[in-house]
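One letter stands for each residue in the lines below.
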2 protein chains.
Amino acid sequence: MTHKNLTIKEIAQRSGVSISTVSRVLNNSPSVSNEKREKIQAVIHENDYQPSMVARSMVSKRTHTLAIIAPDINNPYFTDLISEIELIANQSNYSILLFNTMSAGNRKVETKDSIEISVFKSILEKQVDGIFILGGDIDKEDLSESYLTALNHLNSIIPVVVIGQYQNGVNCHFIDRNLKYGVTLITQHLLSLGYRDIGFIGGEPKIKITTERVKAFKEILSLYSSVNEETIILNDYYAKDGYQAIKLLIEKNILPKALVAMNDQVALGAFRALNDYHLSCPEDIAIVSCDAFPDADFQTPRITNVNQHNHDLAQVALTTLLFYLDTTEILPENMSQHLPELVIRESCGSKNIGGLKL
Amino acid sequence: MTHKNLTIKEIAQRSGVSISTVSRVLNNSPSVSNEKREKIQAVIHENDYQPSMVARSMVSKRTHTLAIIAPDINNPYFTDLISEIELIANQSNYSILLFNTMSAGNRKVETKDSIEISVFKSILEKQVDGIFILGGDIDKEDLSESYLTALNHLNSIIPVVVIGQYQNGVNCHFIDRNLKYGVTLITQHLLSLGYRDIGFIGGEPKIKITTERVKAFKEILSLYSSVNEETIILNDYYAKDGYQAIKLLIEKNILPKALVAMNDQVALGAFRALNDYHLSCPEDIAIVSCDAFPDADFQTPRITNVNQHNHDLAQVALTTLLFYLDTTEILPENMSQHLPELVIRESCGSKNIGGLKL
DNA sequence: CTGTTAGCGCCTTCAA
DNA sequence: TTGAAGGCGCTAACAG
């Protein structure tokens with residue numbers, strides 16, 4: 001910390017011009033003589049001068065920073081999304097301010113007042129240009145009044161894009177994941193393979209992601225077979241939950257012939273539990289997952305799952321947010337997202353391993 | 001975007017006082033009459049007023065923001081560290097600006113000029129108070145001259161803490177991971193179980209993490225047995241690399257009786273490859289890992305590995321950075337980090353499953 | 001094409 | 001205990 005960054009004033013002095021001229025070359029204004037421009041650029045380079053974003057923000061009211069609020073960055077679903085958003089944001093010259101609220105995951109923190117509400121305050125202070133909410137409180141079936149108020153207030157000052165299911169009474173922009181299509185696709189796959197006795201495991205109850213998926217699961221299943229509520233085990237989104245679910249089903253002696261798992265981690269936990277009971281997937285039971293995580297192709301068995309195309313999600317979310325940064329109008333057209341895609345591997349017991357895509 | 005945040009000036013007007021008085025209550029200055037203080041606080045609450053961090057930063061030269069530069073946030077090692085740092089940083093009222101350089105991982109970007117150097121520029125603009133570098137270019141055996149210059153320049157303006165191995169010629173503060181101890185521990189474990197024919201898989205060549213671990217591995221192995229260079233396969237840090245390594249060893253017909261994998265993901269890929277060749281771990285070959293990732297306990301087999309106590313790392317890194325934020329002196333005492341810890345599970349073939357910790 | 005001036009929102013002297 | 005004034009580094013009119 002010996003050096004300090006120079007100011008525009010010092011660059012002006014060393015270049016023998018006024019600060020406005022320096023400011024002009026900084027902002028690529030055409031109305032600067034080549035001679036002075038070159039001189040100034042030289043001085044800028046010599047001194048490794050970087051204009052202060054803080055001062056610029058002061059004037060422009062833009063920080064070129066986007067906030068991401070995520071409940072658990074140890075969950076691959078969120079990191080996938082974050083790294084995707086970050087990549088595209090950087091290309092548009094935005095930086096990412098990350099808020100990991102820990103409202104999910106191993107280190108889940110329980111407080112009477114939601115952490116997210118306090119995060120909203122920090123974000124307001126920081127004056128980011130826009131905000132992504134990737135999950136957390138917003139996914140709850142019953143939103144608290146205080147959360148709703150805080151979120152709407154936030155959104156009235158800074159545009160918020162939520163990647164998740166639409167919530168009544170929330171004024172943010174929502175990017176829908178089309179959960180229904182994905183579950184339907186994969187359940188149908190099991191049905192087509194001949195399975196009729198199908199259960200569902202994983203996912204926190206009272207959370208929209210869970211309820212929507214379970215609802216769609218029941219809908220499609222009931223068309224061809226019957227739903228057995230006992231084999232629907234909702235707990236949480238992690239490997240431990242898949243493990244626990246299988247344990248429960250086996251202990252109650254109601255293990256079905258096939259299971260839809262909330263995501264790959266739940267499926268992983270399920271595999272492990274089966275192994276502990278000397279059962280195996282897919283021989284004894286087929287297990288598929290609604291949400292693809294990395295390494296699905298390296299598990300044993302390789303996991304048949306749904307690719308929700310998070311890459312698209314991130315793209316759409318960013319485009320949407322960037323749009324609302326500049327205007328309060330309605331986004332003209334819905335951007336195209338790829339539909340969730342069934343990826344058939346081994347865990348479903350299908351013989352069509354590899355290649356086959358629906 | 002109907003509302004806008006009020007300014008201190010408006011709060012002053014609505015409270016019937018001057019802006020300096022408002023500023024005083026904002027900063028908990030004692031010299032304000034209770035009457036005015038209460039009036040002002042009421043107005044602040046009514047209007048959900050949040051002072052502008054940007055304006056404050058303009059004056060204080062502090063943004064209360066820390067940057068994290070990581071090469072691949074899809075890698076659990078980095079997310080672990082990030083979420084840990086974020087948690088502690090938040091408690092000290094710092095926000096995290098995340099830079100995912102993508103210099104590692106599936107989407108690895110190759111450019112002649114390092115992305116990190118351009119990230120350094122963004123960071124300089126943003127005027128963060130301090131910087132963490134979690135990996136990436138800094139881990140290379142041969143640092144480019146341009147990178148070195150850029151990093152040292154950065155560090156001369158903003159304090160940088162690197163979580164990684166010390167590099168000659170770099171002026172940042174380093175937090176060492178004690179890689180040697182971990183590998184030694186786990187190799188010794190294999191040796192104690194009676195294995196003599198032990199290989200090493202995973203890890204990018206020419207990267208310090210790799211070279212240090214391989215070096216330590218060879219050192220301890222050569223004390224009890226002999227090193228076979230052919231069974232040391234260095235490629236990268238992911239599941240695909242474990243897979244590829246096993247494939248190679250089998251095809252060359254030199255699969256050893258035991259392997260040390262760079263991390264759990266490499267081990268996972270190795271398991272998968274073994275299965276494809278109708279071999280299994282630990283029956284046919286023992287595989288252990290140097291770096292624990294989440295879910296090690298849910299893999300089949302459960303992975304015997306080393307817990308590098310990343311929690312500690314984050315803690316020490318943050319404390320160090322916070323210290324150097326305020327002073328240029330030398331940190332008085334080395335903070336204690338837990339030593340890497342051997343966690344015995346199933347993949348080593350040990351009968352002492354569970355419980356046993358060294 | 002160039003320089004002067006007036007803020008952006010806040011903190012910090014300095015007087016009162 | 002309070003208010004007025006100046007300045008943080010930069011941009012954006014406005015004159016020249």
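Per chain, residue numbering runs from 1 following the sequence as it is written. Starting at A for chains and at 1 for ligands, labels are handed out in the order in which the entities are written. In keeping with the model being predicted, local features are shown solely for residues with a pLDDT of at least 70 and side-chain atom pairs are shown and tallied solely at 80 or more, while totals for entire chains, interfaces and linings include all residues. Neither water nor hydrogens contribute to the side-chain values; these are computed over all heavy atoms in the structure.

Turning our attention to the sheet that holds strand S11 (residues 341–343) of chain A. Residue and element names in this part refer to chain A. Any two strands between which DSSP finds at least two bridges are classified as paired. Under the scheme used here, helices are H or I runs from DSSP no shorter than 4 residues and strands are E runs no shorter than 2 residues, and both carry numbers assigned from the N terminus. Taken in spatial order, the six strands of this open sheet run S7-S6-S8-S9-S10-S11, and their pairing is mixed. Strand pairing shows two members of the sheet lacking a second neighbour, strand S7 (232–233) and S11, which therefore form its edges. As paired strands, strand S10 (residues 304–307) and S11 are joined by three bridges and run antiparallel to one another. The residue bridging Asn307 from the neighbouring strand is Glu341, located in S11.

Side-chain positions along a regular strand alternate between the two faces of the sheet. Here two bridges tie strand S9 (residues 286–289) of chain B to strand S10 (residues 304–307) of chain B, and the two strands are oriented parallel to one another. Among the inter-strand pairings, Ser289 of chain B is bridged to a residue of S10 of chain B, identified as Asn305 of chain B.

All names here are of chain A. It is at 8 Å that the axes of helix H1 (residues 8–15) and helix H2 (residues 19–26) come closest, and there the two elements cross at 105 degrees. Taken together, the axes of H1 and H2 lie roughly perpendicular to each other. Judged by residue contacts, Ile8, Lys9, Ile11 and Ala12 of H1 engage Ile19, Val22, Ser23 and Leu26 from H2. Put simply, Ala, Val, Leu, Ile, Met, Phe, Trp, Tyr, Cys and Pro go in the nonpolar bin, Asp, Glu, Lys and Arg in the charged bin, and everything else, Gly too, in the polar bin. Looking at side-chain class alone, the contact of H1 with H2 contains six nonpolar, one polar and one charged residues. Between N-to-C directions, angles cover 0 to 180 degrees, with each direction set by a line fitted to C-alpha atoms, over the stretch in contact for helices. Here the word oblique covers every angle except those under 35 degrees (roughly parallel), over 145 (roughly antiparallel) and from 65 to 115 (roughly perpendicular). In this analysis, two residues are considered to be in contact whenever any of their non-hydrogen atoms come within 4.5 Å of each other.

Residue and element names in this part refer to chain A. Tracing the backbone through its elements, the reader meets Ile186 in helix H8 (residues 179–192). Classification of residues uses two cut-offs on accessible area relative to the type maximum, computed with a 1.4 Å probe and protein chains only: under 20% is buried, over 50% is exposed, and between them is partly exposed. You can call Ile186 buried: its relative accessible area is 0%. C-alpha separation for the pair Ile186 and Cys348, spaced 162 residues apart in sequence, amounts to 9.6 Å. When sequence neighbours within four positions are dropped, the list of residues in contact with Ile186 reads Val260, Val288, Ser289, Thr304, Asn305, Val306 and Leu342.

Glancing now at the relation of the copies chain B and chain A. Copies overlap after least-squares fitting; the atoms used are the C-alpha atoms of residues with pLDDT of at least 70 in both. Its rotation angle being 180 degrees, the transformation that places chain B on chain A also includes 0.0 Å of axial translation and leaves an RMSD of 0.1 Å. As the rotation angle and translation indicate, the two copies are arranged about a two-fold axis. Considering only C-alpha atoms, the part of chain B nearest the rotation axis is Leu97 of chain B, at 2.2 Å.

Around DNA strand D, a shell composed of 25 residues is seen, among which Ile8, Tyr49 and Arg56 of chain A together with Thr21 and Arg24 of chain B lie nearest. Distances are taken per atom, and a residue is near a molecule or strand as soon as one of its heavy atoms is within 4 Å of it. Considering the 4 Å shell around the protein, atoms of DNA strand D inside it are sugar or phosphate in 64% of instances. Pairs of N or O atoms within 3.5 Å make up the polar contacts considered here, provided that, within protein, one atom can donate a hydrogen while the other can accept it, and that residues adjacent in sequence are counted only when both atoms are side-chain atoms. Contacts to DNA strand D include Ser20 of chain B, whose side-chain N or O atom sits 3.1 Å from a base nitrogen. In this structure, a phosphate oxygen belonging to DNA strand D sits 2.8 Å away from a main-chain N or O atom of Ser33 of chain B. When contributions to the surface near DNA strand D are tallied by element, the ones reaching two or more residues are H2 and helix H4 (53–60) of chain A together with helix H2 (19–26) and helix H4 (53–60) of chain B. Counted by class, the surface near DNA strand D contains 10 nonpolar, 10 polar and five charged residues.

Taken in spatial order, the 10 strands line up as S5(A)-S4(A)-S3(A)-S1(A)-S2(A)-S2(B)-S1(B)-S3(B)-S4(B)-S5(B) in an open sheet, and their pairing is mixed. Lying at the two open borders of the sheet, with one neighbouring strand each, are strand S5 (173–175) of chain A together with strand S5 (173–175) of chain B. On average, each strand axis in the sheet is tilted by 25 degrees relative to the strand beside it, whichever way the strands run.

Only residues whose relative accessible area exceeds 30% and that form no salt bridge are eligible for patches; like-charged ones are grouped when within 9 Å, while nonpolar side chains (Val, Leu, Ile, Met, Phe, Trp, Tyr) are grouped when within 5 Å. Reported accessibility uses the Shrake-Rupley method at a 1.4 Å probe radius. Residues are deemed covered only where the shown protein chains occlude them. Any Lys or Arg side-chain nitrogen found within 4 Å of a carboxyl oxygen on Asp or Glu counts as a salt bridge. The grouping of Met58 and Val59 of chain A together with Met58 and Val59 of chain B at the surface amounts to a nonpolar patch, some 380 Å² of accessible area in total. If you list the elements that add at least two residues to the nonpolar patch, you get H4 of chain A together with H4 of chain B. Residue position: Val59 of chain B is located in helix H4. Judged by its relative accessible area of 69%, Val59 of chain B is exposed.

Bringing empty space enclosed by the protein into the picture now. Residues are called lining when one of their atoms sits within 4 Å of a cavity or pocket point, these points coming from a 1 Å grid over the protein atoms alone, where a cavity is a set in which a 1.4 Å probe fits but cannot get out and a pocket is an open set with protein on both sides within 12 Å along at least five of seven lines. Grid points are joined across faces, edges and corners, and a volume is the space filled by probe spheres set on the points. Within the structure shown, the criterion is met by three cavities of 30 Å³ or more. Within this model, the largest cavity holds a volume of roughly 260 Å³. Around the largest cavity, the lining comprises 17 residues; the ones closest to its centre are Thr65 and Lys126 of chain A together with Thr63, Thr65 and Lys126 of chain B. When residues of the lining of the largest cavity are traced back to their parent elements, those giving at least two are H4 of chain A together with H4 of chain B. By residue class, the composition of the lining of the largest cavity is eight nonpolar, seven polar and two charged. By volume, the second largest cavity is sized at about 70 Å³. Lining the second largest cavity, in full, are Leu268, Phe271, Phe298, Gln299 and Thr300 of chain A together with Leu268, Phe271, Arg272, Phe298, Gln299 and Thr300 of chain B.

Among the secondary structure elements, Gln50 of chain A is positioned in the loop between helix H3 (34–46) and H4. Residue class for Gln50 of chain A comes out buried when judged on its relative accessible area of 13%. With 84 residues separating them in the primary sequence, Gln50 of chain A and Leu134 of chain A have C-alpha atoms 33 Å apart. Excluding anything up to four places from it in sequence, Gln50 of chain A contacts Asn5 of chain A together with Lys121, Leu124 and Glu125 of chain B.

Attention shifts here to the pattern of salt bridges. Between side chains of opposite charge, a pair can form as their charged atoms come close. In the structure shown here, the tally under the stated rule is 31 salt bridges over all chains. The partner of Lys180 of chain B in a salt bridge is Glu219 of chain B, with the nearest N and O atoms 3.3 Å apart. Taken together, the residues span a long stretch of sequence, with Lys180 of chain B in helix H8 (residues 179–192) and Glu219 of chain B in helix H9 (residues 208–224) at a distance of 39 residues. The exposure class of Glu219 of chain B is partly exposed, given its relative accessible area of 34%. Each of the salt bridges in this network shares a partner with another, and the network as a whole consists of Arg272 and Asp276 of chain A together with Asp297, Arg302, Arg345 and Glu346 of chain B.

Take the environment of Gly164 of chain A next. All names here are of chain A. On the secondary structure map, Gly164 appears in the loop between strand S4 (160–163) and S5. Distance in space between the C-alpha atoms of Gly164 and Ser225 is 30 Å, their sequence separation being 61 residues. Setting aside residues no more than four positions away along its own chain, Gly164 makes contact with Phe174, Ile175 and Asp176.

Our next topic: the UniProt feature "domain: HTH lacI-type" (unreviewed entry) in chain A. UniProt positions are given in the numbering used here, feature names are shortened, and annotations may be inferred rather than shown by experiment. The feature "domain: HTH lacI-type" (unreviewed entry), as annotated in UniProt, sits at residues 6–60 of chain A in this numbering. Helix makes up 67% of residues 6–60 of chain A and strand 0%. Its end C-alpha atoms lie 20 Å apart.

Let us look at the interface of chain B and chain A. Counting from both sides, the interface comprises 64 residues of chain B and, opposite them, 64 residues of chain A. For the pair chain B and chain A, the two sides together bury roughly 5600 Å², of which 55% comes from carbon and sulfur. At the boundary of chain B with chain A, the tally comes to four salt bridges. Between Asp276 of chain A and Arg302 of chain B there is a salt bridge whose closest N-O contact spans 2.6 Å. On inspection of chain B and its partner chain A, the count reaches 27 residue pairs in polar contact (both at pLDDT 80 or more). When contributions to the side of chain B that touches chain A are tallied by element, the ones reaching two or more residues are H4, helix H5 (76–91), strand S2 (95–100), helix H6 (115–126), helix H7 (145–157), helix H10 (239–251), helix H11 (264–276) and helix H12 (310–326) of chain B. Residue composition of the side of chain B that touches chain A, by class: 24 nonpolar, 25 polar and 15 charged. In this sheet, S2 of chain B lies alongside strand S2 (residues 95–100) of chain A in antiparallel orientation, the contact comprising three bridges. What sits directly across from Leu97 of chain A, in S2 of chain B, is Leu97 of chain B. Buried area: the sum, over both parts, of the accessible surface (1.4 Å probe) that disappears when the two are put together.

Let's shift gears to the side chain of Glu86 of chain B. Tracing the backbone shows Glu86 of chain B in helix H5. Taking the relative accessible area as the measure of exposure, Glu86 of chain B reaches 1% and is therefore buried. With residues up to four places along the chain from it excluded, the contact list for Glu86 of chain B reads Leu98, Phe99 and Asn100 of chain A together with Ile96 of chain B.

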